[in-house]
Every structure is written in structure tokens, then in C-alpha cells.
Protein chains: 2
Amino acid sequence: MNNPPTIILISPQMGENIGAAARVMLNFGVTELRLVAPRDGWPNQKAIETARNAVQVIENTKVFPTLAEAAFDISRIYATTARPRDMVKTVYTPRKCAEAILQTTEKSAIVFGAEQSGLSNEDIVLADAIVTIPVAPIYTSLNLAQAVSILCYEWFTAGDTTPPENLDTGKYGLASKIELTSMFEHLEQELDKSGFFKVLDKRPNMVRNIRNIFVRAGLTEQDVRTIRGLIKSLTKTK
Amino acid sequence: MNNPPTIILISPQMGENIGAAARVMLNFGVTELRLVAPRDGWPNQKAIETARNAVQVIENTKVFPTLAEAAFDISRIYATTARPRDMVKTVYTPRKCAEAILQTTEKSAIVFGAEQSGLSNEDIVLADAIVTIPVAPIYTSLNLAQAVSILCYEWFTAGDTTPPENLDTGKYGLASKIELTSMFEHLEQELDKSGFFKVLDKRPNMVRNIRNIFVRAGLTEQDVRTIRGLIKSLTKTK
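Below is a short write-up of the structure. (Residues numbered from 1 in each chain as written. Chains lettered and ligands numbered in written order. Predicted model: local features only at pLDDT ≥ 70, side-chain atom pairs only at ≥ 80, totals over all residues. Heavy atoms only, no water.)

**Some details on the relation of the copies chain B and chain A**
- Mapping chain B onto chain A calls for a screw motion: a turn of 180° about the axis and a shift of 0.0 Å along it, with 0.1 Å RMSD after fitting. Classification of the inter-copy transformation places it as that of a two-fold axis.
- A symmetric contact is evident, with 100% of the interface residues of chain B recurring at the interface of chain A. (Least-squares fit on C-alpha atoms with pLDDT ≥ 70 in both. Contact = heavy atoms within 4.5 Å.)

**Some details on helix α9 (residues 203–216) of chain A**
Residues and elements named next belong to chain A.
- Over its 14 residues, α9 runs 20 Å from end to end, which matches the ideal 20 Å to within 8%, given 1.5 Å per residue.
- Every buried residue belonging to α9 is among Val207, Ile210 and Phe214, and all of these are buried. Down the axis, α9 shows its buried residues gathered within 70° of arc, on one side only. Exposed residues on α9 whose side chains face more than 90 degrees from its buried face are Arg208 and Arg216.
- Elements in contact with the buried residues of α9: α8 (177–194) and α10 (221–236).
- Immediately downstream of α9, the backbone of Gly218 shows phi near 60°, a positive value. (Helix = DSSP H or I, 4+ residues; strand = E, 2+ residues; numbered from the N terminus. Expected span 1.5 Å × (residues − 1). Buried < 20%, exposed > 50% of the residue type's maximum accessible area, 1.4 Å probe, protein only. Arc of directions from axis to C-beta.)

**Here's the deal with the pairing of strand β6 (residues 108–112) of chain A**
All names here are of chain A.
- Within β6, five of the five residues are buried, which leaves it mostly tucked inside the rest of the structure.
- Because side chains alternate across β6, one face comprises the buried residues Ser108, Ile110 and Phe112, and the other comprises Ala109 and Val111, equally buried.
- The pairing of strand β4 (residues 76–80) with β6 spans four bridges and is classified as parallel. Bridge pairing links Ile77 to Ala109 in β6. (Pairing = 2+ DSSP bridges.)

**Brief notes about helix α10 (residues 221–236) of chain B**
Residues and elements named next belong to chain B.
- Look at α10: 23 Å from first C-alpha to last across 16 residues, which is about the 22 Å you get at 1.5 Å a residue.
- Buried residues of α10: Val224, Ile227 and Ile231, and no others. Projected down its long axis, α10 carries its buried residues within an arc of 65°, all on one side. α10 presents Lys232 and Lys236 as exposed residues on the side facing more than 90 degrees away from its buried surface.
- Check the buried side of α10 and you find it contacts α8 (177–194) and α9 (203–216).

**Here we look at the packing of aromatic side chains**
Residue and element names in this part refer to chain A.
- Counted by the stated rule, this structure contains 10 aromatic pairs over all chains.
- Measuring from ring centre to ring centre gives 5.6 Å for Phe28 and Tyr153, while their planes differ by 70°; the resulting arrangement is edge-to-face. With Phe28 in the loop between α1 (15–27) and β2 (33–36) and Tyr153 in helix α7 (residues 144–158), this pair connects stretches of sequence that are 125 residues apart. For the pair Phe28 and Tyr153, one class covers both residues: buried.
- Where Phe28 meets Phe156, the ring centres are 6.2 Å apart and the plane angle is 45°; that geometry is what we call tilted. One end of the pair, Phe28, is in the loop between α1 and β2; the other, Phe156, is in helix α7, with 128 residues separating them in the sequence. (Phe/Tyr/Trp six-rings, centres within 6.5 Å; stacked < 30°, edge-to-face > 60°.)

**Describing the pattern of salt bridges**
- One pass over the structure, following the stated rule, counts 28 salt bridges over all chains.
- Ionic pairing is found between Glu188 of chain A and Arg211 of chain A, a salt bridge with its closest N-O pair at 2.8 Å. One end of the pair, Glu188 of chain A, is in helix α8; the other, Arg211 of chain A, is in helix α9, with 23 residues separating them in the sequence.
- For Glu188 of chain A, a relative accessible area of 8% gives the class buried.
- A salt bridge links Asp128 of chain B to Arg76 of chain B, with the nearest nitrogen and oxygen atoms 3.6 Å apart. Residue Asp128 of chain B is found in the loop between α6 (121–124) and β7 (129–131), and its partner Arg76 of chain B is found in strand β4 (residues 76–80); the two are separated by 52 residues along the sequence.
- On the accessibility criterion, Arg76 of chain B (34% relative accessible area) is partly exposed.
- One salt-bridge network, in which partners are shared between bridges, spans Glu32, Arg34, Asp73 and Lys107 of chain A. (Salt bridge = Lys/Arg side-chain N within 4 Å of Asp/Glu carboxyl O.)

The structure is reproduced here in C-alpha cells:
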């Protein structure tokens, strides 16, 4: 996966948030962090502690006096903001922003404002698009590192090829249908012997329901052996 | 948006992580948090502080001794884990999990393990599916609250109808094409007068390029008035 976005934090206040942002950036393969005028200076011990094993991101972080300087080599700026501004700008969802970044070979940056105040209009005007994270009206104030996380996660998943759904069968393969049928017949013979099917008219429907339970369970070869052993054990006691 | 998942944290260690999880849950409209055997007991002052304005989620949090008891009214359990287990289970991406939750009217829970150790196989066996958050191989250890955030974000966006891209034009509408053309003609007349087009053969191509700059900018009616004023001002000085 190439060309991850640069993350630029404007006037971040809490070292913990800078460190947590660095950590989650690296979780999603985003490695370049730049700061504009961090409140408590730089380096910041709290940021180092919170970054945990992503301390390499913190060590490579550069500090700049303004966004224009921090974005010296950036061709596309995406500004995260929740509030609509009285400004003509395209507004992207995080997912759309991730696609836009992935589709270009130019260097992109995602910019985040300070914890309390967010981005200034002077910073937003430099942005090619605004990105707004959809949130519930009941509580719209996202933690800074959580906002960084959502954008980095979307960027990473936009280029990720993991299938949405996948059956992990461990070390055994799924049972073949012949193995299943043989197990069903074994079970049904024993149920016949034990007098389970009291009303013979209902037998076909009950057999279908019982077979369906095991089909839905997606048994492996090992599971079939286990169930067969279980049937043998239960019938032996009589 | 109805039927949000219940979030269940098994043996969480840090109050800060519980509070941060509660905060980001409420950001994405997820309100029901349950804990199984939190290390430092309950209530937890650090959790209350970190939850900020989501303290209502913390106040309604119930504590249980086991996952089976915490999930007493839950029909579908999704277990978040990074490691493959030697177990036959369907593995979902967070996005697929969100869709599955949204498509059912049954009560679902997403379960998260302790910070260091994750979920035990005993807990995972109760789950209908495993959810694995895709991460970069360079640093796979996600903070607990960040993991909660990704799942809640995916659930919220699965039901969110925000268009991926939207032009915010502020209080002015976009300029009509006749206003644009009139502005172009004004500009080109002034450029002709000033001798800007030194080689007449190149004029059509240069006009096209200049018009294209302004078309790409997506001007509002107010922008057109501003540019016209700007041309007038620049030409007045000669």
C-alpha cells in the first residue's frame, strides 16, 4: 500500500492525544505526523508514553509555525471539521476522502484542528475539500485521536482486500456431503431404535429439521467424527 | 436509527479506556455498555472523567461476572479478535458486521477482550462470528477504545445517508453559465486591450485554459461579482 496521507495536527493541546493519534496512525500504516504550534512544545513526554510502540512516528514528527509551512510539499489538503462554514467547499465523508487519496499519486494531507476549537477558517481555506465524520446528534464532540483513527482506518480499508466474510475452518476442512449424510443416517437409525419418532407421519419433517440444524452448523470432518462418537456414547448407556 | 448493538467489555483494565469507549459509543449513537469483571471494580472515577459528556453511558453501565450472564438477552454475539483461533467460525470485517447488525431486528452485542490478553477461547465460542479489524502488519495492537470506536463508527455509517460528496455553497448559489460567460467576455476584452495575447494564434487555447481555471473553481454569484470588481480595479490603475 503506497502513498499514505500525512497527518497534520494544528495547535494540539494534549500530549496524550498526539501520542494516541501516532499509535493509531501506525496501526493503519500511516507514518508521517506533522504538528503546527503544539501548545506544550515539542518533544512531549506524554505523547511519547501514549504512543507506545509507535514511538517511531513521534520521533519523526516535525513541527511548523503555520499550516502553509507544514504543507510545503503537499498537493491535496483535506480539512476535518464538523461545523458547516460559510465557504464554498466540497464536503466529503471519510470514506470518500480515503478513496480520493488512494486514487491519486500526489501527496495528500489530512488536517485536524485543536481539541476545543477545531480548525480556523484561515486554515480551512487552504483545503481542497472538507471532511466531516458523521456522528450522532446526541453527542457530536469526537476525541482528536478518535477522529484521526477514523480517517486512517478508512484510508487503510480503502486499499485492503480482506473479504467481508470468510469461514475460518481452523486446521480441519469442512465435511463432505457424503460424510454428513452418513452421520445423519447413523443418528436417524439410533433415533428410530430408541422410539424418538412417536408419530410416524411427523418423521419426515422432524428429520428435515434435525438435519438442517447440523447443516447450518457447518461441520468439519472432525466435528462429524465427534458427533458420531457422541451418538455411540449416548446409545451405549441404554 | 434503531437497534444499536450492546457493547460488552470483558475484564477491562484501564478506567480511561472504559470512559473513552463510552464517549465514542455515544458519538455514534451506541448507548448500552456492559462490563464483565472490570479489574478495578465499578464505579470507576477515571472512566467517569474520560467519558466527558457521555457520562450517561457510564451511569447506565451494568457489571456481570461472565459473558454468558452479560449476554442474557442477546441473540447475536460478535467477538472482536485479531488472532486466528483454531476454531470453526465465520470471520467478518467491521463493515460486514455492521451490515449484519443493521439487517436484523434481534438484539446484537459486540464483545471486546482485555487490553493485554484479548478474548479467551471460552468467550469466543459463544460468538456467532468473529470480527477482525484490518490493521497494518507494522503495528497490530489497537487501543481498546479505538477498537470500540471502529465498530461503532461502522455501525453508525452503515445506517447513515450522508452523500459521499456534497458541494457546500454557503449562503450563495452557484453562478449561472450566462453570468460566467459574461464575466469571461469582460476579462478577455480587458486582456485584449492590455495586449496580453501577444501571439494571436495562441489566443483561442489561452482563452480556453483561463476559462477552465474559473470553471474548475465552481464560482458562486458572489464570486463572479468579486472577480468582476477585481478586473475593474486592476484595469483602472492604468
